[in-house]
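Survey of secondary and tertiary structure
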Amino acid sequence: MFEIVEREEMAQGTIISNWVRAPKIAKKAKPGQFVILRANETGERIPLTMADTDPERGLINIIYAVVGKSTALFKTLKVGDAYLDVIGPLGQPTHLEKVGKVVCVGGGTGIAVLHPITRGLKQLGNHVIAIIGARTKELLILEDKMRAASHELHICTDDGSYGHKGFVTEMLKKVLTENRDIGLAVCIGPVPMMKFCSQMTKEFGVKTLVSLNPIMLDGTGMCGCCRVQVGGRMQFACVDGPEFDGHQVDFDELTLRLRSYLPEEKLAYDRFKASLGQGCSHKS
Amino acid sequence: MSEEVKAPKKEKIPRQKMPEQDPQVRRHNFNEVPYGYTPELAMKEAERCIQCKDPRCKQGCPVEIDIPGFIKFIKEGDFEAAIRKLWEKNSLPAVCGRVCPQEIQCEGLCVVGKKDEPVAIGNLERFAADYQRLHGRDILPPKAPPTGKKVAVVGSGPAGLTVAGDLILKGHEVTIFEALHAPGGVLIYGIPEFRLPKEIVAHECRYLERLGVKIEVNAVIGRTETVDELLERFDAVFLGVGAGLPMFLNIPGEHYIGVYSANEYLTRSNLMRAYDFPNYDTPLVRGKKVATFGGGNVAMDAARTALRMGAEHSYIIYRRSHAELPARAAEIHHAEEEGVEFLFLTNPVRFLGNEDGYLTGVECLKMELGEPDASGRRRPIPIPGSEFIVEIDTAVIAIGSGANPLLTKATPGLALNKWGYIIADPKTGKTMKPRVWAGGDIVTGAATVILAMGAGRLASNSIHDFLTYGW
Ligand SMILES: Cc1cc2nc3c(=O)[nH]c(=O)nc-3n(C[C@H](O)[C@H](O)[C@H](O)COP(=O)(O)OP(=O)(O)OC[C@H]3O[C@@H](n4cnc5c(N)ncnc54)[C@H](O)[C@@H]3O)c2cc1C
Ligand SMILES: Cc1cc2nc3c(=O)[nH]c(=O)nc-3n(C[C@H](O)[C@H](O)[C@H](O)COP(=O)(O)OP(=O)(O)OC[C@H]3O[C@@H](n4cnc5c(N)ncnc54)[C@H](O)[C@@H]3O)c2cc1C
Ligand code: SF4
Ligand code: SF4
Ligand code: FES
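Here's a quick rundown of the structure. (Residues numbered from 1 in each chain as written. Chains lettered and ligands numbered in written order. Predicted model: local features only at pLDDT ≥ 70, side-chain atom pairs only at ≥ 80, totals over all residues. Heavy atoms only, no water.)

Thoughts on the sheet that holds strand 3 (residues 34-38) of chain A
Residues and elements named next belong to chain A.
- Here we have seven strands laid out as an open sheet, ordered 6-1-2-5-4-3-7, and antiparallel in their pairing. Each edge of the open sheet carries a strand with a single partner, namely strand 6 (82-83) and strand 7 (85-90).
- Pairing of strand 2 (residues 15-21) with strand 5 (residues 59-65) involves seven bridges; the strand directions are antiparallel. What sits directly across from V20, in strand 5, is I60.
- Along the sheet face, helix 3 (residues 110-123) touches strand 4 (46-54) and strand 5 and points at about 40 degrees away from the line of strand 4. (Pairing = 2+ DSSP bridges. Helix = DSSP H or I, 4+ residues; strand = E, 2+ residues; numbered from the N terminus. Contact = heavy atoms within 4.5 Å. Axes fitted to C-alpha atoms, helices over the stretch in contact; angles between N-to-C directions.)

Written as structure tokens, this is what we have:
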């Protein structure tokens, strides 16, 4: 059992942060790697990137958006509750190196995945420009941590409620235009965001890393359900990735495969919400 | 009773059929297909064995079970003695009785089979094990005094379970490390409930735990810990990680929604119990027209799972003919009875899909059989212009599996062959890396349960020698 020792609700309860006791994983994990979690015996295996680790206390930090049945179930877990299974660290760590000037772009919960990478790039002596975005001010996460992990921080909201009004891609274009010496871009967020950021950086000829989130099952390269097309070759995101060269990724295929279980996901989520409703009425 | 079956009439007893669920009923449920022998049926079948002095059947069993020996005890109604006899050579008789390809192993050589049907050795083995599990006394074999030596077993498939079971009895401390959240390997994530109930595998694992074996699940060796780290804490390490790498057809359209590797399809339905969705959270597309590609046990399992998940048509598309199907005879027979439709001499060329990304069909070519190839089987050759389309909404690719590189890549010092399998001494299981042994599918490539167990037995003997005498 993997106990939750700290829990925080972010972005008005749409995003949850958990610190979970998993000493072996905490000792081994590097930026960019993920874990697979299962809440209980009937649960799904859900992949989440480690947003941070505390090897001394044997803790890992996961930050997840509540989007469906399983993440809604995770949200019901309180401090002192535990995940039944936590498996990891999985995937290839980010290849962190000194390139000079870099730009790190994060959207939504992607910011949580981006943060340790940004921090690592800064520690290596890179000049780090960060761009983070959300739909609206209340949904923006980790602003302070991202400010500390970078030299320059740009904030975008779709509705203009905070920072620049508009998408992160527009800010990315501005930054790339003004900084012709940028040697690397790291873009992590929703699939359309990563797709358009990669198109943009390609125009500028800047090498780009993205972190892909296909549906996964085992996370060890055994089932092939996480297959993605990169440079025309089939790759398994759980073992070959999850980070890939954004200029080589077939984002349209990824978008399509992410829709595999839409009807089932909706059914499961609706049933779960209904059962939660019943649970509450029992208590009152 | 015994008067009726006096010696001269003995060979006249026909092979006793195992009662099974009706095909039309069972194609809609996940319960086990055969019910197993009753004690009466088992004793009657045991009468058919003529107790050969130099039993041919034993030569066909990779772990050399004393087959006439255990059958004699069944005949006499001493079922506990029968299971003890089996346990001498085989720690998973309930599993092997169900899944061994008996027709090419033990039963294939049985002398009774020359004129009549062979003695149902597999069914009898299964009976003895089931009887012990359900009605037997709770007996544990004796354990040697502790040696203070520690062994790590990586992977909990038949190879790893065999090594653990052997070495714990010899007094060593044993810890199994398993990447998934449940132990058993293919027995738990691959072979379906209707063929091998998960409770049987769980029972075997609990039995090992009662003997003192520690089982650590969620431990991906190569990631959570490396083999080199295990070597710091353990005196010897056995690698039995199986052949867990899915093969795809590498034809256009394999990304469409509804195209699965057999590993994914079976893991979802078995390990994650997608057949019980939404009571279990993991989903699986419930196809109405499902095609499985391949002709082995894995393909039969997938095609029969598809029926149980509600498919109206479940096809097996295989590029050779019926005679070349590599699956166990019993599985082919069961699949046919349940209504699986076989398209022989047919090879897929591309998958077709709609604009939403859902699979809608597969284009295939007809084949004819040419000259025998290196494997001795006649090589299928495409017939030009014979393209045709099969309408399907789900495809399961069951054309084999390869060596998963996750552990081997993270383990310096292991020697691999050109396909990525670990090179190990076939007599001892020793790898090129000191204090590391390997066996099962990760050495031989995808094979059988009993061969993996046989490899485990050789390795455990060698590990024991090493821990005891230092060689
Ligand atoms: C390597 C990796 C790292 C990830 N890291 C994070 C993270 O740090 N924070 C975060 O909020 N999310 C992360 N995700 C996405 C997260 O796994 C999904 O949001 C989660 O599985 C949704 O489950 P659900 O039951 O709540 O929603 P569902 O209703 O099942 O699905 C909602 C959405 O999630 C996708 N999804 C469903 N099941 C899976 C699955 N097993 N694996 C991946 N995606 C799935 C669906 O396509 C759909 O778009 C990551 C995914 C991967 C592959
Ligand atoms: C669907 C299907 C049906 C089959 N039917 C039959 C049949 O009817 N009869 C028959 O004889 N054979 C059958 N087989 C073949 C048989 O199951 C295998 O040959 C046998 O299970 C191999 O045993 P193993 O111990 O080598 O590996 P496996 O059973 O594959 O077990 C390996 C275990 O190691 C774990 N592992 C892998 N990597 C790591 C790691 N890095 N760290 C920790 N653990 C790890 C895996 O999760 C797995 O649990 C079938 C196979 C399949 C897939
Ligand atoms: S283990 Fe397999 S081959 Fe050996 S006797 Fe039993 S069924 Fe036959
Ligand atoms: S060969 Fe057949 S008849 Fe002879 S001992 Fe074996 S099972 Fe019995
Ligand atoms: S999740 Fe199964 S291979 Fe990647």
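Structural notes on the site of ligand 3
- Around ligand 3 lies a shell formed by B:C61, B:P62, B:I65, B:I67, B:N90, B:C96, B:C100, B:Q102, B:Q105, B:C106, B:E125 and B:I450.
- Along the lines of polarity and charge, the residues of the shell around ligand 3 split into eight nonpolar, three polar and one charged. (Near = heavy atom within 4 Å. Nonpolar A, V, L, I, M, F, W, Y, C, P; charged D, E, K, R; others polar.)

Regarding the pattern of salt bridges
- Enumeration over the complete set of coordinates arrives at 49 salt bridges over all chains.
- With a closest N to O distance of 3.5 Å, A:R57 and A:E6 form a salt bridge. Of this pair, A:R57 sits in the loop between strand 4 and strand 5 while A:E6 is found in strand 1 (residues 2-10), placing the two residues 51 residues apart along the sequence.
- Residue A:E6 is classed as partly exposed on the basis of its relative accessible area of 35%.
- The partner of B:R195 in a salt bridge is B:D301, and the shortest N-O contact between them spans 2.8 Å. Of the two residues, B:R195 is situated in the loop between helix 11 (186-189) and helix 12 (198-211) and B:D301 in helix 15 (residues 297-308); the sequence distance between them amounts to 106 residues. (Salt bridge = Lys/Arg side-chain N within 4 Å of Asp/Glu carboxyl O. Buried < 20%, exposed > 50% of the residue type's maximum accessible area, 1.4 Å probe, protein only.)

Re the packing of aromatic side chains
Residue and element names in this part refer to chain B.
- Scanning the entire structure with this criterion turns up 14 aromatic pairs over all chains.
- With 6.1 Å between their ring centres and 50 degrees between their planes, F30 and F194 make a pair best called tilted. Remark: F194 occurs in the loop between helix 11 and helix 12 and F30 occurs in the loop between helix 1 (23-26) and helix 2 (39-47); sequence separation between them is 164 residues. Considered together, F30 and F194 belong to a single accessibility category, that of buried residues.
- For the pair F79 and F127, a centre-to-centre distance of 4.9 Å together with 85 degrees between the ring planes defines the contact as edge-to-face. In this pair, F79 sits in helix 5 (residues 79-89) while F127 sits in helix 9 (residues 121-135), placing the two residues 48 residues apart along the sequence. (Phe/Tyr/Trp six-rings, centres within 6.5 Å; stacked < 30°, edge-to-face > 60°.)

Some remarks on the interface of chain B and chain A
- Every contact between the two is made by 44 residues of chain B and, on the other side, 45 residues of chain A.
- Buried area between chain B and chain A, summed over both chains or domains, comes out near 3800 Å², and the portion from carbon and sulfur atoms is 55%.
- It is B:R223, B:H255 and B:D281 in chain B that bury the most area against chain A; as a group they hold 19% of the surface buried on that side.
- Taken together, chain B and chain A are joined by four salt bridges.
- As a salt-bridge pair, B:E216 and A:K24 come within 3.0 Å of each other at their nearest N and O atoms.
- Run the count over chain B and chain A and you get 18 residue pairs in polar contact (both at pLDDT 80 or more).
- Put simply, the parts of the chain that give the side of chain B that touches chain A at least two residues each are helix 13 (227-233), strand 5 (245-246), strand 6 (259-261) and helix 14 (262-269) of chain B. (Buried area = accessible area lost by both parts, 1.4 Å probe. Polar contact = N/O pair within 3.5 Å; in protein donor to acceptor, adjacent residues only side chain to side chain.)

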